[in-house]
Amino acid sequence: MLHTQALFPAFASSLFRLLTWTFLRIIPSRYLVYGILVSFPSWLFASWITPLPVKQTESVDEKPSAADSQRKPYIESDDSVLNFILSLPTSSKRVRWATTVFNWLLLAAVAELIITPFVDPASNVVFTHIGAVTPDTVKITARIPPTYISDHVHIVWREYTGATDKELAWKHGPELTAKENNDWVDVATLKGLWPNTYYEYSLAAANGSLLSYPEKPIKFHTFPDPRLPGNKFSFMVSSCSTPNFPYLPFHGRRIKGYDYMSAALFPDTLDTEVDHNETEQASTKRTSNIPEFLLFLGDFIYADVPFWTGPTTEDYRRLYRRNYQSESFRKIYERLPIYHAYDDHEFVNDFSGDSDDLKAPFMNASSAFKTYNADNNYDSVHDGHYYYDFRYGDSAFFVMDTRRYRTSSTEDMSSRVLLGDAQLAAFNNWLSRVNETAVFKFVVSSVPFTTLWSANAPVDAWAGFPTERQSILEALHSVPNVVILTGDRHEFAAIEYNHETLNTVTEFSTSPLSMFDVPLVRTLTMQGKEMVKKVKMVLNATEDGPDYIAVEEKIPAERVLKYVPLGNHKWSTIEVDTKDSQNPTLKLKLTVNGRNAYTYSMTGKPVKLSSSTALGVFVSAGIKDVFDKIGIHPSKWF
């Protein structure tokens, strides 16, 4: 056997292993699958036709001729480990078997990652969680398939006391009507609650007995009245997750980003498979400052990675059920409200709706999103739409729909729109309302607002809609304390937008929660070309004492404050403190793979808010009980 003959199976096997490792651990691209499907049979065929190598001999009797030197035989290495790693031809049956078994196991792992989304129906998953929270209401979502219980189910609830010897009696809540046409999912609303109060709920059968699930009552906290100034709270933001990536064998239902998150927030649910040496937040005591909610900015499912799982509503529902059956995710959604936006992978890669609901696969894909995520969100100002706004105290949020109305054509970039007329009008109306009624304003978009990302971002992100983006940016500059929250890019970036005379706007883009990162390619430019003049006051020492002088400088209109490209598991925790009305603050903490990776602080401008008429803040717990007994509820009078 010649050297060239020996190297071909080694090359095919090594290529197969490299492609497989990249697919399972780096990026689950369908193009890698195509390469795997070529390299694996190539290795099998080459191994079959290649003869066994000549064993190494100690002496050579004859000097090889010049022709033989050009065609010298392949001599087997004595290093069995090297032969196995490089898949070199060997006369050792043990090494050959080890190589064959290892390659077949790699192929099986690829098959598992590809096939599981198709064959794991999760049809019997049972779950419940908190949805949209206001000062006096809360949405509760539950999936109750008939395989679990066929009886009527209703919600029972009570104020949470924190002590078993002081537990209050359960109150009868609304009934959950789980029907097959909505995949056994229903949403009910509890009303008449008190602001800034802790409650708990469970599920009960028609006879009043508690169901076996949930095992423990689920707790929730109503938001403070928005008319009361001064709040301190935190929330989290991330996007992009899929089960079992990076891949591990027999972990098809695990979403590791949520394991890291639960270890950080709720150490009593520590996962033994999370490396807690890397999880700095994990401790023996529960964190005192649990975030109020998680904003998930799209790509909750990957309907087209590595291959499209199908066009029907059931094809999409299956992927949502698969996520909700994950014990990793359950540890979060049973203890923390989650508010959703969709992005392209809830449909298909780079989806543009063109304001045409009949454009496939919008109807079926959005139906599944509505059942599992959107009905749980706050109601849109326009019925049947997926953009919405809400408040936590004196902080306001607007969550955009960046897929349904966007223009797909790229022939005239200046005429492309992303929000559509109705959503843009709703956004501008929201911005005018919160300008002087909220301290911090959060604009939430599934795709980045910055123009500094490359790859497909100049078409798919806000950079591909320059006219609409510029008009929105000008409006944002006129409002104090605006923060843009985005995802999608599988990287983290903090971006600053400067203006000569108006307010600075800051963007935080965070992703992925559990998906591939970008280990080798850097796609973010550090600053834009446009410059603006800013005047800053500089301390100057003079003979008469210190004095401030105005100094003019040129700075980029758009620049990167921080760029963190690496990490498969990222989320940002944002803490807002408006208790000091003259110095409201915002702090961001980025967590990557369980470790604190970056912190950022900003002091906002003071905003003079209208005086409060929220009398409920002065009502004691005892008076609340009296009002409850005689049927007076907060939603009716404050």
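Here, every reference points to the structure presented above.
Residues numbered from 1 in each chain as written. Predicted model: local features only at pLDDT ≥ 70, side-chain atom pairs only at ≥ 80, totals over all residues. Heavy atoms only, no water.

(A) The arrangement of the pairing of strand β8 (residues 232-238) in detail. Among the 7 residues in β8, 6 count as buried, and that is most of the element. Examined bridge by bridge, β8 and strand β20 (residues 570-577) share 6 bridges and lie antiparallel to one another. Across the sheet, residue V237 finds its bridge partner in β20, namely S572. (Buried < 20%, exposed > 50% of the residue type's maximum accessible area, 1.4 Å probe, protein only. Helix = DSSP H or I, 4+ residues; strand = E, 2+ residues; numbered from the N terminus. Pairing = 2+ DSSP bridges.)

(B) Seen up close, the sheet that holds strand β2 (residues 138-143). Across the sheet, which stays open at both edges, the 3 strands sit in the order β1-β2-β5 with antiparallel pairing between neighbours. Pairing within the sheet leaves two strands with one partner each, and these edge strands are β1 (127-133) and β5 (185-190). Averaged over all pairs of adjacent strands, the angle between strand axes in this sheet comes to 25 degrees, irrespective of strand direction. Pairing of β2 with β5, which is carried by 6 bridges, proceeds in the antiparallel orientation. Paired with I140 across the two strands is A188, which belongs to β5. (Axes fitted to C-alpha atoms, helices over the stretch in contact; angles between N-to-C directions.)

(C) Looking closely at the side chain of K534. Topologically, K534 is positioned in strand β17 (residues 531-542). One buried charged side chain, K534, makes no salt bridge at all; its nearest oppositely charged neighbour is E553, positioned 8.3 Å away. A polar contact of 3.1 Å, which involves the side chain of K534, links it to the backbone oxygen of H499. Setting aside chain neighbours within four positions, we find K534 in contact with H499, E500, L502, T504, V551, E552, E553 and I555. (Lys, Arg positive; Asp, Glu negative; His and termini not counted. Salt bridge = Lys/Arg side-chain N within 4 Å of Asp/Glu carboxyl O. Polar contact = N/O pair within 3.5 Å; in protein donor to acceptor, adjacent residues only side chain to side chain. Contact = heavy atoms within 4.5 Å.)

(D) The arrangement of the nonpolar core in detail. Counting residues in hydrophobic clusters, the biggest one holds 57 residues, and the most contacted among them are F235, F293, L295, F390, F442 and L485. Residues contacting F235, with those up to four places away along its chain left out, are P291, E292, F293, L295, F397, F442, L485, S572, T573, I574 and V576. (Core = buried A, V, L, I, M, F, W, Y, C linked by side-chain atoms within 4.5 Å.)

(E) Just the environment of T128, in detail. Relative to the assigned elements, T128 resides in strand β1. Residue T128 is classed as buried on the basis of its relative accessible area of 0%. Beyond its immediate chain neighbours, meaning those up to four positions away, T128 contacts I140, T141, A142, Y201, L203, Y213, P214, I218, Y333 and E334. At a separation of 2.8 Å, a polar atom in the side chain of T128 contacts the main-chain carbonyl oxygen of T141.

(F) The arrangement of helix α10 (residues 421-434) in detail. Over its 14 residues, α10 extends 20 Å from the first C-alpha to the last, a length consistent with the 20 Å expected when each residue adds 1.5 Å. Taken as a whole, α10 has its buried residues at Q423, A426, F427, W430, L431 and V434. Buried positions in α10, seen along its axis, are confined to an arc of 135 degrees and lie on one side of it. Its buried side turned inward, α10 meets β11 (388-392), β12 (395-399), β13 (440-444) and α12 (466-477). (Expected span 1.5 Å × (residues − 1). Arc of directions from axis to C-beta.)

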